[in-house]
Amino acid sequence: MALTEDWRGVKYAETFEAELRGLERRRASDPGCTIADIEGTLKHLYIMDGADQGGRGGVQDVAMAATIAAYEHFISCWKAETATFPK
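Residues numbered from 1 in each chain as written. Predicted model: local features only at pLDDT ≥ 70, side-chain atom pairs only at ≥ 80, totals over all residues. Heavy atoms only, no water.

Caption draft 1: Region of the structure containing the packing of aromatic side chains. Inspection of every chain in the model, using the stated rule, returns two aromatic pairs. Relative to phenylalanine 16, the ring of tyrosine 12 lies with its centre 6.3 Å away and its plane at 10°, an arrangement referred to as stacked. Of this pair, tyrosine 12 and phenylalanine 16 both sit in helix 1 (residues 2–29), four residues apart, which is roughly one turn of the helix. For tyrosine 12, a relative accessible area of 33% translates into the label partly exposed. A centroid spacing of 5.7 Å and a plane angle of 70° characterise the contact between phenylalanine 74 and tryptophan 78, whose relative ring orientation is edge-to-face. On the criterion of helical spacing, the pair formed by phenylalanine 74 and tryptophan 78 is a turn pair, its members being four residues apart in helix 3 (residues 58–84). Residues phenylalanine 74 and tryptophan 78 agree in their burial class; the two are buried. (Phe/Tyr/Trp six-rings, centres within 6.5 Å; stacked < 30°, edge-to-face > 60°. Helix = DSSP H or I, 4+ residues; strand = E, 2+ residues; numbered from the N terminus. Buried < 20%, exposed > 50% of the residue type's maximum accessible area, 1.4 Å probe, protein only.)

Take a look at the structure:
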């Protein structure tokens, strides 16, 4: 049982970190990237997640949850940064 839960935690952490790195690279390399752009992608991730009728499977469910969490975290941090350090 612990082994089953362990792979989920590992997959979640790997996906979360990979998504954050990708978002950070996008923000750094694309001066036109805005919070609204990232929020738009998050909106579509919510739609994709809600459209699943249980057919994705465990691995993809974990990956989707981690991806959504990474986007939410990234947006929250960016908004906090913007509020603290206005341009």
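Here the narrative resumes.
Caption draft 2: Up close: the state of the cysteines. In total, this model carries zero disulfides according to the counting rule given. Cysteine 33 provides the cysteine sulfur closest to cysteine 77, a residue in no disulfide bond, and the two sulfurs are 15 Å apart. A residue is classified by how much of its surface remains accessible, and cysteine 77, at 39% relative accessible area, is partly exposed. (Disulfide = S-S within 2.5 Å.)

Caption draft 3: Structural context of the environment of tyrosine 12. In this structure, the C-alpha to C-alpha distance between tyrosine 12 and glutamate 72, residues 60 residues apart in sequence, is 15 Å. Aside from chain neighbours lying at most four places away, what touches tyrosine 12 is Val62, Ala65, Ala66 and Ala69. (Contact = heavy atoms within 4.5 Å.)

Caption draft 4: Local environment of the side chain of threonine 67. When you line up the elements, threonine 67 lands in helix 3. Classification of threonine 67 by relative accessible area gives buried; the value is 10%.

Caption draft 5: Quick peek at the packing of helix 2 (residues 35–51) against helix 3. At a minimum axis separation of 10 Å, helix 2 and helix 3 run at an interaxial angle of 155°. Taken together, the axis directions place helix 2 and helix 3 in an arrangement best described as roughly antiparallel. Note on packing geometry: the crossing formed by helix 2 with helix 3 is left-handed. Residues Ile35, Ile38, Glu39, Thr41, Leu42, Leu45, Tyr46, Met48 and Asp49 of helix 2 pack against Met64, Thr67, Ile68, Tyr71, Glu72, Phe74, Ile75, Trp78, Lys79 and Thr82 of helix 3. Tallied by class, the residues present in the contact of helix 2 with helix 3 amount to twelve nonpolar, three polar and four charged. (Axes fitted to C-alpha atoms, helices over the stretch in contact; angles between N-to-C directions. Parallel < 35°, antiparallel > 145°, perpendicular 65-115°, else oblique. Left-handed = near helix turned anticlockwise from the far one by under 90°. Nonpolar A, V, L, I, M, F, W, Y, C, P; charged D, E, K, R; others polar.)

Caption draft 6: A look at the nonpolar core. With 17 residues, the main nonpolar core has Phe16, Ile38, Tyr71, Phe74 and Trp78 as its most contacted residues. Every element with two or more residues in this core is listed here: helix 1, helix 2 and helix 3. Residue contributions to this core peak at nine residues, all from helix 3. The contact partners of phenylalanine 16, leaving out residues within four places of it in the chain, are Ala66, Ala69, Ala70 and His73. (Core = buried A, V, L, I, M, F, W, Y, C linked by side-chain atoms within 4.5 Å.)

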